[in-house]
Amino acid sequence: MLNDLLLLARWSECSNSTFKALVNSSPFMETILVENEVQQEVKLLDAINDDHEGVIVELNKPINSDDFASMLRASIAQWRKQGKRGVWIKVPIELVNLVEAAVKERFWYHHAEPKHLMLIYWIPECTHTLPANASHRVGVCAFVMNEKREVLVVQEKTGILRGTGVWKFPTGVVEEGEHICDAVVREVKEETDIDTKFIEVLAFRQSHKAFFEKSDLSFICLLQPLSFNIQKQESEIDAAQWMSLDEYVAQPFVQTSELLKYIFDLCLAKIDKTYSGFSPVLTTSNISNENGYLYLNSRDLRSQ
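Residues numbered from 1 in each chain as written. Predicted model: local features only at pLDDT ≥ 70, side-chain atom pairs only at ≥ 80, totals over all residues. Heavy atoms only, no water.

(A) Up close: the nonpolar core. Counting 25 residues, the largest nonpolar core has L59, F68, I89 and F107 as the members making the most contacts within it. Among the elements that make up this core, the one with the highest residue count is helix α4 (residues 65-81) (7 residues). In contact with F107, not counting residues within four places along its chain, are L72, I76, V87, I89, A102, L119, I120 and Y121. In terms of nonpolar packing, the next biggest core, distinct from the first, is built from 22 residues, I220, L222, I263 and C267 among them. (Core = buried A, V, L, I, M, F, W, Y, C linked by side-chain atoms within 4.5 Å. Buried < 20%, exposed > 50% of the residue type's maximum accessible area, 1.4 Å probe, protein only. Helix = DSSP H or I, 4+ residues; strand = E, 2+ residues; numbered from the N terminus. Contact = heavy atoms within 4.5 Å.)

What follows is the structure in structure tokens.
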């Protein structure tokens, strides 16, 4: 309070009567101080408008945490006047010292990446409508069969099947910015050194609380082999081989798994040409103007 009075005393434009009124009205006094800080004493954070009446701040220069806290409070006051809603602050890993100051101003974590952390804040006095962080991890599973009706299978060095002797189809996780059809080809190449051509998505499965409480989408894909000499990945794969369909399905692990039996049956249906999966068609969105794939049943589409 004493500092507030000293600041007010330096305002030459205030009359004695105005000064007394401000002293007797602390909420009004705090508002004036914040406004004065915004307009005269504290530099605002650089921000750009987003598409949802909010702002995005990307920090890129070292700054004292106390100075940052003052700038943040002043900026929030300004954004509130402008009717802004959500505030996004991208904090690079080298400026992690600023996170505590932002959290004290009621920011919360949205997500973290290897080189930055995203903090968010909601200005209006109502329930926020900011989108949640990504909720799913996307995986791929490869069904690859040669002309001898042998399927490509591997045994993993890590994970829950390590040391069990179970043979499984090659699997992996789609990387950021990677298409499903490219990811599954890459995973097969990495694990077995087999070159393949993507044909179809045969099916997909959704599960929950699979990885750090996130949901999981796994796409079972049909690939055509273009090479046949296997060279297993030393870091992750214990063994890899071509295996007959009968030997694969006879494994106790497969026989006792309702999911794996469904997958095996649909793969057989595809081989017998009674089942059609989803083929990728390259398309462009009028929102982002970026190319992407639409996966559809092309056989039934052609028959219409």
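Structure's up, so let's keep going.
(B) Representation of the pattern of salt bridges within the structure. Tallying each qualifying case throughout the model produces 13 salt bridges. Between R186 and E178 there is a salt bridge, with the nearest N and O atoms lying 2.7 Å from each other. Between K189 and D195 there is a salt bridge whose closest N-O contact spans 2.9 Å. Classification of K189 as partly exposed rests on a relative accessible area of 33%. Given the relative accessible area of 34%, D195 is considered partly exposed. A cluster of three or more residues bridged by salt bridges with shared partners is formed by E175, E178, R186, E187 and E190. (Salt bridge = Lys/Arg side-chain N within 4 Å of Asp/Glu carboxyl O.)

(C) Region of the structure containing the sheet that holds strand β4 (residues 108-113). Taken together, 5 strands build an open sheet; the order of strands is β1-β2-β3-β5-β4 and the sheet is mixed. Two strands close off the open sheet at either side, each with one partner strand: β1 (48-49) and β4. The sheet contact formed by β1 and strand β2 (residues 55-58) spans 2 bridges and is antiparallel. Across the sheet, I48 pairs through a bridge with I56, a residue of β2. In the packing of α4 onto the sheet, the strands contacted are β2, β3 (86-92) and β5 (116-122), and the crossing angle to β3 comes to about 155°. (Pairing = 2+ DSSP bridges. Axes fitted to C-alpha atoms, helices over the stretch in contact; angles between N-to-C directions.)

(D) Structural context of the side chain of H111. Mapped onto the elements, H111 comes out in strand β4. The contact partners of H111, leaving out residues within four places of it in the chain, are H116, L117, M118 and N133.

(E) Quick look at the sheet that holds strand β6 (residues 136-144). The 4 strands lie next to each other as β8-β6-β10-β9, forming an open sheet whose pairing is mixed. In this open sheet, the two strands that pair with only one neighbour each are β8 (171-173) and β9 (196-211). Direction aside, neighbouring strands of the sheet carry axes that sit 25° apart on average. Looking at chain direction, β6 and strand β10 (residues 214-225) are connected through 9 bridges and run parallel. What sits directly across from V144, in β10, is L223. Against the sheet, helix α6 (residues 180-192) engages β6, β8, β9 and β10, with an angle of about 60° to β6. With respect to the sheet, helix α9 (residues 258-271) is in contact with β6, β9 and β10, its orientation differing from that of β9 by roughly 165°.

(F) Local environment of the side chain of S75. If you trace the backbone, S75 turns up in helix α4. When sequence neighbours within four positions are dropped, the list of residues in contact with S75 reads L44 and L45.

(G) Geometry of the packing of aromatic side chains. One pass over the full model with this rule turns up 8 aromatic pairs. Arranged with centres 4.9 Å apart and planes meeting at 25°, the rings of F107 and Y121 form a pair that is stacked. Taken together, the residues span a long stretch of sequence, with F107 in the loop between α5 (99-104) and β4 and Y121 in strand β5 at a distance of 14 residues. Here F107 and Y121 have matching classes, each one buried. With a centroid separation of 6.4 Å and an interplanar angle of 80°, the aromatic rings of F198 and Y295 are classed as edge-to-face. Of this pair, F198 sits in strand β9 while Y295 sits in strand β13 (residues 291-296), placing them 97 residues apart in sequence. Of the residues examined, F198 reaches a relative accessible area of 12% and is grouped as buried. Of the aromatic side chains, those joined through ring pairs into one cluster are F143, F169, Y248 and F264. (Phe/Tyr/Trp six-rings, centres within 6.5 Å; stacked < 30°, edge-to-face > 60°.)

(H) The arrangement of the pairing of β3 in detail. By the criterion of burial, β3 is predominantly enclosed, with 6 of the 7 residues buried. Two strands pair when backbone bridges link them, and β2 and β3 are joined in this way by 4 bridges, in the parallel orientation. Bridging from a neighbouring strand, I56 pairs with W88 of β3. Crossover handedness for the path β2 to α4 to β3: right-handed. Strand direction decides the pairing type here: β3 and β5, joined by 7 bridges, are antiparallel. Within the sheet, the bridge partner assigned to W88 lies in β5 and is I120. (Right-handed = clockwise from strand over helix to strand, strands pointing away.)

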